[in-house]
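What the coordinates show
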Amino acid sequence: MKLITAVVKPHRLDEIKEALQAFGVHGLTVTEASGYGRQRGHTEVYRGAEYTVDLVPKIRIEVLAEDDDAEQLIEVVVKAARTGKIGDGKVWSLPVDTAVRVRTGERGPDAL
Amino acid sequence: MTGTDVRDGTQDPGPGGYAAARLRLLTEGARSGPPRRAALAELTDDWLAGLFDAVAAETADGRPAPGVSLVAVGGYGRGELSPRSDLDLLLLHDGGDLGAVAALADRLWYPVWDLGLALDHSVRTPAEARKTAGDDLKVQLGLLDARHLAGDAALTAGLRTAVLADWRNQAVRRLPELQELSAERAARQGELRYLLEPDLKEARGGLRDATALRAVAASWLADAPREGLADARRRLLDARDALHLTTGRATDRLALQEQDQVAAALDLLDADALLRQVYEAARVISYASDVTWREVGRVIRSRAVRPRLREKARERSDFLRRAVAGDWRGALDGGKPAAERSPLAEGVVEQDGEVVLARTARPERDPVLPLRAAAAAAQAGLPLSLYAVRRLAATARPLPTPWPAEAREQLVTLLGSGRPTVDVWEALEAEGVITRLLPDWERVRCRPQRNAVHVWTVDRHLIETAVRASELTRRVGRPDLLLVAALLHDIGKGWPGDHSVTGETIARDVAGRIGFDRADAAVLAGLVRHHLLLVETATRRDLDDPATVRAVAEAVGTQSTLELLHALTEADALATGPAAWSSWRGSLVAELVRRVSAVLAGDVPDGPEAAAAPTAEHERLAVEAWRTGGPVLALRPQPGEALGDPSGEPEPLGVELLIAVPDQPGVLPSVAGLLAVHRLTVRTAELRSLELPGVVDDGAVLLLNWRVAAEYGSLPQAARLRADLGRALDGSLDIAGRLAERDAAYPRRRGVVAPPPRVRVAPAASRHATVIEVRAQDAPGLLFRLGRALEDAKVRVRSAHVSTLGANAVDAFYVTGPAGDPLPGEEAASVARRLEEALQA
């Protein structure tokens, strides 16, 4: 199993959700996050006051997937999240040892 | 388990057994509500008495041992058992044969446990019971409802008498303890009538509060207003019975997933109907609690306070205080009566920590009085007395449509008072005053919302939003519109369809009725229509896309509306619940606002500097001032009703006061201070300098156009004002001294914690002068302090635009250096800082 994590622009959430649903993903976790990547912070002027934006609002999406689906799923997320501009975000995956569905106690791929 | 247990019939599965009878009673549904609770208690009484007597029958003489009795306490003592209620039992003994008592206890408690019933038990002598009650308030409350079940009736009666006597004797000490306990619980559990998943027992206005009211009554110290109280309690108990039966558990929390079933069990249409009924009941109980605890406080204070020597200074100001409060009798007989009254507003006084109507108040002739009293109470952070609200509800005349300006201003003041607004609003609401003022409120009253993000009912959410908005008033140029928009933003939730769309229509209509002009009503309607626009766009749309930003800019229209919408969005989210606002959302919304603001920056609104040409009267006054070299003044009372503005828009508050003075230092502080000394509040003020045609030397005359209202009573004579102004300008009248003296003799109550004042230099607002914007809580002498600070900073005030919106002052001063040029950036910032310091002092 793989844990796929995407940190992307907030307004892409609806598209990503729809794309994942179309792919057949049943569940995902979304968190509000802040951070920065290669673009670093930038300076803004708001109401006459200069301030540095060092953390940009993002959302973090986490999905558990079977090994065979992981590559394709990553592609789906990347496609749905892409706007072509700086700050579109990152997607990565990690191997997962085990997963348990709390209610039934099912384990492994059955728990997904 | 011993063999003897079989004989008591506990385990008897047949129709005679307690368990079977209990099951029948609860499942057959022939009875419900109070009869079922009473029947369940009776059935349980018989069973427990049977157990007790069976043990007694085994003793030598077959009669119950003297000196032992079984007592029901708490809810069971009151003879009300819900399906899953605990059995609160006390085995009372006189300290005789302890071994026999222990054996008896075993024979009583085990059958109860074996049936799976929750048991709250104790074994005590009367002395022990009284001591425990003395140490533990909860035990004391339980014992107040003690009821004899079996055994030595004299022993129970003795305990009851002693416990009630103790309670009355110690009431002065213990009632405050009980109040504190209730307050702690309320803080922990929240307020039943506004919670979407309320705890029927523990939340404020729940069953525990109803029990506390019984305890207060038992102390003989005070009693609760009884209307509807018994009925309210019954409804909560009925709902709890249904909840116990539905869930099969002893839970008191009406969770969302249970509400439909509980509603069905009670033959109610749906979960909304159930919640509304529960909220109405809770409102009665929490309101009765408020009134009762205030009464308790008053009685305890009056017992504790011995007649004390008054300080001399107080004595001197006492006459004035009473005279202003309309208490002439009290003023003339030297102020002996205990109740001290101090004025808060016209017709409204404070007495003994509550806001009441002055003796001279005439609600039947003064339709603004309910709002004025409410605003004064909220600003002072005091409760409105029950009798005042009832009298207002019963006798106040309805407000004309559109509302007079004072009514609208008082509503804005009430809404802008922060936390105290909630209680005052609640008091008005409880007596139906709110629905009479704003008929559209009825549809959102006690309305639950099926939404995981919201924690409050719609009405409380609206008030909560106004409270949050009052903290953001310094961020906007029109705090009055922000506060009213906060109150109305979800008003459409009472109707089918998108609540923003229906709300827009209602808001426009309400805004017109409460006296906003058409332009303001349009802004309010737009704010309601778009109250979700910023947050939805910021979190779901691409802010880098110029079309997104343009669409928002088009919907919003102007910078000032954007500023209002930003503040409304934040207030709304903060008032929704902990999940609705975070720094994450806040930064996205701020980013959107920044981008929209940049798009709108092109449309600079007309500066207020473009003043209208002086009228003939202005010129006449100016010429006279220049000719006489002294101040000239004209006081114009409000035009008669028949002469009302043909546009149908209401006349602004107060009267017009025109003053012309040859330009000289100190005009603004002198005039502002003089008005404060005469107890005139400034609603608006315009100051400008007029060059007189045909006058060669520097004959500039300052023209001040004020709109003022008397704080109490009637306006002073124009001639008197003029004479005093002359003395103020030549320095023979010490205004600062007079104001300080009055403040010392008659300190103002400051109940509301207003947001701190904000003074800033408006960027690029004018080419000819530096514009300093001041936003602060209105207070007597505010303009005097500002004027003096400007004077001290050695700047020339070219013009000033002062307005008071509710309790908020929004001022702009156009200032220049001595040579008539705008101030350099550094100096402008320093002047702004000095003004802010002057306001904070």
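Details of the structure are given in the entry above.
Predicted, not measured: the structure shown is a model, and the values here were computed from it.

**Observations regarding the overall build of chain B**
Within chain B, the secondary structure is distributed over 33 helices and 15 strands. For chain B, long-range pairs separated by at least 24 residues make up 71% of all intrachain contacts whose partners lie at least 6 apart in sequence. Taken as a whole, chain B presents about 37,000 Å² of accessible surface, with 53% of it coming from carbon and sulfur.

**Some points on the sheet that holds strand β1 (residues 2-8) of chain A**
Note on sheets: strands pair through backbone hydrogen bonds, and any given pair is parallel or antiparallel. Strand order across the open sheet formed by four strands is β2-β5-β1-β6 (chain A), with antiparallel pairing between neighbours. Of all the strands in the sheet, the pair left with one neighbour each is β2 (29-35) and β6 (89-95) of chain A. Across the sheet, the axes of successive neighbouring strands diverge by a mean angle of 20 degrees, strand direction being ignored. Bridge count between β1(A) and β6(A): seven bridges; the pairing is antiparallel. Considered in β6(A), the bridge of Leu3(A) is made with Leu94(A). Each of β1, β2 and β5 (56-65) of chain A touches helix α1 (residues 13-23) of chain A; the most contacted strand, β5(A), lies at about 10 degrees to it. Helix α27 (residues 583-600) of chain B rests against β2 and β5 of chain A of the sheet, and its axis sits at about 125 degrees to β5(A).

**Let's talk about the side chain of Asp542(B)**
For Asp542(B), the location among the structural elements is in the loop between α24 (533-540) and α25 (546-556). In this structure Asp542(B) comes out as buried when scored by relative accessible area, which is 13%. Of note is the side chain of Asp542(B), whose polar atom sits 3.3 Å from the side chain of His11(A). Filtering out sequence-adjacent residues up to four positions away, Asp542(B) remains in contact with His11(A), Thr83(A), Lys85(A) and Thr548(B).

**Points about the interface of chain B and chain A**
Bring the parts together and some accessible area is lost; that lost area is often taken as the interface size. Taken together, the contacts link 17 residues of chain B with 17 residues of chain A. Taking both partners together, chain B and chain A bury about 1,400 Å²; carbon and sulfur atoms supply 47% of that area. Inspection of the region where chain B meets chain A yields three salt bridges. Taken together, the links from chain B to chain A amount to six residue pairs in polar contact (both at pLDDT 80 or more). Among the elements of the structure, α24, α26 (559-574) and α27 of chain B are those that each provide at least two residues to the side of chain B that touches chain A. Taken together, the residues of the side of chain B that touches chain A sort by class into four nonpolar, four polar and nine charged.

**Concerning the sheet that holds strand β5 (residues 341-345) of chain B**
All names here are of chain B. The three strands are arranged β5-β6-β7 in an open sheet whose pairing can be described as antiparallel. For this open sheet the edge positions go to β5 and β7 (354-357), each flanked by a neighbour on one side alone. In this sheet, neighbouring strand axes are inclined to one another by 40 degrees on average, regardless of whether the strands run parallel or antiparallel. Pairing between strand β6 (residues 348-351) and β7: four bridges, direction antiparallel. Bridged to Glu 350 within β7 is Val 355.

**Quick word on the nonpolar core**
All names here are of chain B. One finds Leu 384, Trp 403, Trp 425, Leu 438 and Trp 441 to be the most contacted residues of the largest nonpolar core, which totals 112 residues. In terms of residue count, the dominant contributor to this core is helix α15 (residues 369-380) (nine residues). If you count residues domain by domain, this core takes at least three from each of domain 3 (325-437) and domain 4 (469-605). In this view, Leu 438 contacts Trp 403, Trp 425, Leu 487, Val 510 and Ile 514; residues no more than four positions away in its chain are not counted. Grouped together as the second largest cluster of nonpolar side chains are 53 residues, Val 677, Ala 728, Val 802 and Leu 835 included.

**Some points on unusual backbone geometry**
Residues and elements named next belong to chain B. Note that the residue after Thr 401, namely Pro 402, is joined by a cis bond; omega there is -10 degrees. Look at Lys 794: it is not a glycine, yet its phi comes out positive at around 60 degrees. A residue is classified by how much of its surface remains accessible, and Lys 794, at 64% relative accessible area, is exposed.

**Considerations on the environment of Glu570(B)**
Its location among the elements puts Glu570(B) in helix α26. Excluding residues within four positions of it along the chain, Glu570(B) makes contact with Leu472(B), Arg475(B) and Trp581(B).

**Quick word on the pattern of salt bridges**
If you walk through the whole model with that rule in mind, you get 62 salt bridges over all chains. Glu409(B) is paired through a salt bridge with Arg683(B); the nearest N and O atoms lie 2.2 Å apart. Residue Glu409(B) is located in helix α17 (residues 405-415), and its partner Arg683(B) is located in strand β10 (residues 680-690); the two are separated by 274 residues in the primary sequence. Side by side, Glu409(B) and Arg683(B) carry an identical accessibility label, which is buried. One connected set of salt bridges, linked through shared partners, spans Lys9(A), Asp88(A), Asp544(B), Glu591(B), Arg594(B) and Arg595(B).

**A closer look at helix α10 (residues 229-247) of chain B**
Compared with the 27 Å implied by 1.5 Å per residue over 19 residues, the 27 Å span of α10(B) between its first and last C-alpha is a close match. Where α10(B) terminates, the next one or two residues include Gly248(B), which has phi positive at roughly 70 degrees.

What counts as what
- Residues numbered from 1 in each chain as written.
- Chains lettered and ligands numbered in written order.
- Predicted model: local features only at pLDDT ≥ 70, side-chain atom pairs only at ≥ 80, totals over all residues.
- Heavy atoms only, no water.
- Helix = DSSP H or I, 4+ residues; strand = E, 2+ residues; numbered from the N terminus.
- Contact = heavy atoms within 4.5 Å.
- Areas by Shrake-Rupley, 256 points an atom, 1.4 Å probe, with all protein chains shown as cover.
- Pairing = 2+ DSSP bridges.
- Axes fitted to C-alpha atoms, helices over the stretch in contact; angles between N-to-C directions.
- Buried < 20%, exposed > 50% of the residue type's maximum accessible area, 1.4 Å probe, protein only.
- Polar contact = N/O pair within 3.5 Å; in protein donor to acceptor, adjacent residues only side chain to side chain.
- Buried area = accessible area lost by both parts, 1.4 Å probe.
- Salt bridge = Lys/Arg side-chain N within 4 Å of Asp/Glu carboxyl O.
- Nonpolar A, V, L, I, M, F, W, Y, C, P; charged D, E, K, R; others polar.
- Core = buried A, V, L, I, M, F, W, Y, C linked by side-chain atoms within 4.5 Å.
- Domains from an automatic or database assignment.
- Expected span 1.5 Å × (residues − 1).

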